[in-house]
Amino acid sequence: MGKKCIIIGAGDFQVSSISVEEGDWVIAADGGFSYCRRMKLEPDLVLGDFDSLTGEGRRELEALRLSCPEKVQILPVEKDDTDMLAAIREGLARGYRLFHIYGGQGGRLDHTIANIQCLNFLKEQGAEGMLLEEDGMIRLLRDETVELSSRCEGRLSLFSYGERAEGVNIRNMKYELKDAVLTNSFPIGVSNEFIGRPASVSVRKGTLLLLIHWGKP
């Protein structure tokens, strides 16, 4: 899969472990620093305005800033970029094109929507991002195909991220589509199901929002 940038955000966090391989780069975005401490995961960079960090987390951050100042980047509270987008920019600047983002969902709905928009920002930069949880994933598809293993279980939902997405195909799932048009005003793609066969989703023109909930439907 290649090296990846792993970002730990401050949203709901329901992950028991994160695989970090050689060449990966880990960023703790704001309150994600507390999650890193809880998992004994050492970030390469801690970044944010830290408005969601309190108590022991702030004390540990200050200790890190004193011992390894190059690992801590304090951002102003009033800024255009969210902490997550600032972290993504740092990863892109270091040459990463694959981003695994944890703690990017749940909590405040506006933060989740902002993080989905960050996935779109990555697409525009020629990069790929995924919002990951223990039991789910969110990603965007643009003029492309994604293959899904026969071992997948659970539900898949698909939405047009723009006004319309053309040439949409869903193969080897409970509900199939062939050369369909999806629009952002008709949620026809909700709650499809894996059926134990290698599946695929493709879009010829446009952008799809793909959500997977792993496990039994």
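It should be noted that the structure appears before, not after, this text.
Within every chain, residues take consecutive numbers counted from 1 along the sequence as written. Local features are withheld for residues below a pLDDT of 70 in this predicted model, meaning they are given only at 70 or higher, and side-chain atom pairs are given and counted only at 80 or more; totals for whole chains, interfaces and linings count all residues. The side-chain values count all of the structure's non-hydrogen atoms but skip hydrogen atoms and water molecules.

### A word on the sheet that holds strand 9 (residues 154-160)
Strands are treated as partners if at least two bridges between them are detected by DSSP. Strands here mean DSSP runs of E at least two residues long; helices mean DSSP runs of H or I at least four residues long; both are numbered from the N terminus. One open sheet accounts for 10 strands, arranged 4-3-2-1-5-6-7-14-9-12; its pairing is mixed. Looking at the sheet topology across the chains shown, the edges are occupied by strand 4 (72-74) and strand 12 (192-193). Summarising the sheet, strand 1 (residues 5-8) and strand 5 (residues 98-102) pair through 4 bridges and their orientation is parallel. Within the sheet, the bridge partner assigned to C5 lies in strand 5 and is F99. Here, residues are in contact when the closest pair of their heavy atoms is within 4.5 Å. Note on method: axes are straight lines fitted to C-alpha atoms, helices fitted across the in-contact stretch only, with angles between N-to-C directions ranging 0 to 180 degrees. Each of strand 1, strand 2 (25-29) and strand 3 (45-48) touches helix 1 (residues 32-39); the most contacted strand, strand 2, lies at about 125° to it.

### Observations regarding the pairing of strand 6 (residues 128-133)
With 5 of 6 residues buried, strand 6 lies mostly within the body of the structure. Crossovers are marked right-handed if the path from the first strand over the helix to the second runs clockwise, as seen with the strands pointing away from the viewer. Read from strand 5 through helix 4 (residues 109-124) to strand 6, the crossover connection turns out right-handed. Bridge count for strand 6 against strand 7 (residues 136-142) is 3 bridges, and the pairing is antiparallel. The partner of E133 across the bridge, within strand 7, is G136. Between strand 6 and strand 7, which pair antiparallel one after the other, the connecting turn spans 2 residues. Exposed residues in this analysis have more than 50% of their type's maximum accessible area, buried residues have under 20%, and partly exposed residues fall in between, with area computed by a 1.4 Å probe over protein chains only.

### Regarding the pairing of strand 3
The alternating pattern of strand 3 places L45 and L47 and V46 and G48 on opposite faces, both of which are buried. Sheet topology places strand 2 next to strand 3; 3 bridges connect them, and they run parallel. Bridging from a neighbouring strand, A28 pairs with V46 of strand 3. Since strand 2 and strand 3 lie parallel, the crossover through helix 1 that links them has a hand, and here it is right-handed. Across 3 bridges, strand 3 lies against strand 4 in parallel orientation. Along strand 4, the bridge assignment pairs G48 with I74.

### Quick look at the sheet that holds strand 10 (residues 164-171)
Taken together, 4 strands build an open sheet; the order of strands is 8-13-10-11 and the sheet is antiparallel. Two strands bound the open sheet, and with one partner strand each, they are strand 8 (145-148) and strand 11 (177-183). Taken pair by pair, the neighbouring strands of this sheet meet at an average axis angle of 20°, ignoring direction. Bridge count between strand 8 and strand 13 (residues 199-205): 4 bridges; the pairing is antiparallel. Within strand 13, the position partnered with L148 by the bridge is A199.

### Here's the deal with the packing of aromatic side chains
The description of two aromatic rings rests on the distance between their centres and on the angle between their planes. By convention, a stacked pair of Phe, Tyr or Trp rings (six-membered ring in the case of Trp) has centres within 6.5 Å and planes under 30 degrees apart, an edge-to-face pair has planes over 60 apart, and any other such pair is tilted. Under the definition given, this model contains 3 aromatic pairs. With a centroid separation of 6.4 Å and an interplanar angle of 20°, the aromatic rings of F194 and W214 are classed as stacked. You can see F194 sitting in the loop between strand 12 and strand 13 and its partner W214 sitting in strand 14 (residues 207-214), a full 20 residues away along the chain. On the basis of relative accessible area, F194 is assigned to the buried category, the value being 9%. Put simply, a charge is over a ring when the Lys NZ or the Arg CZ is close to the ring centre, within 6 Å, and near the line of the ring normal, within 35 degrees. Geometry around Y96 places K3 over its ring, the cationic atom sitting 4.9 Å from the centre.

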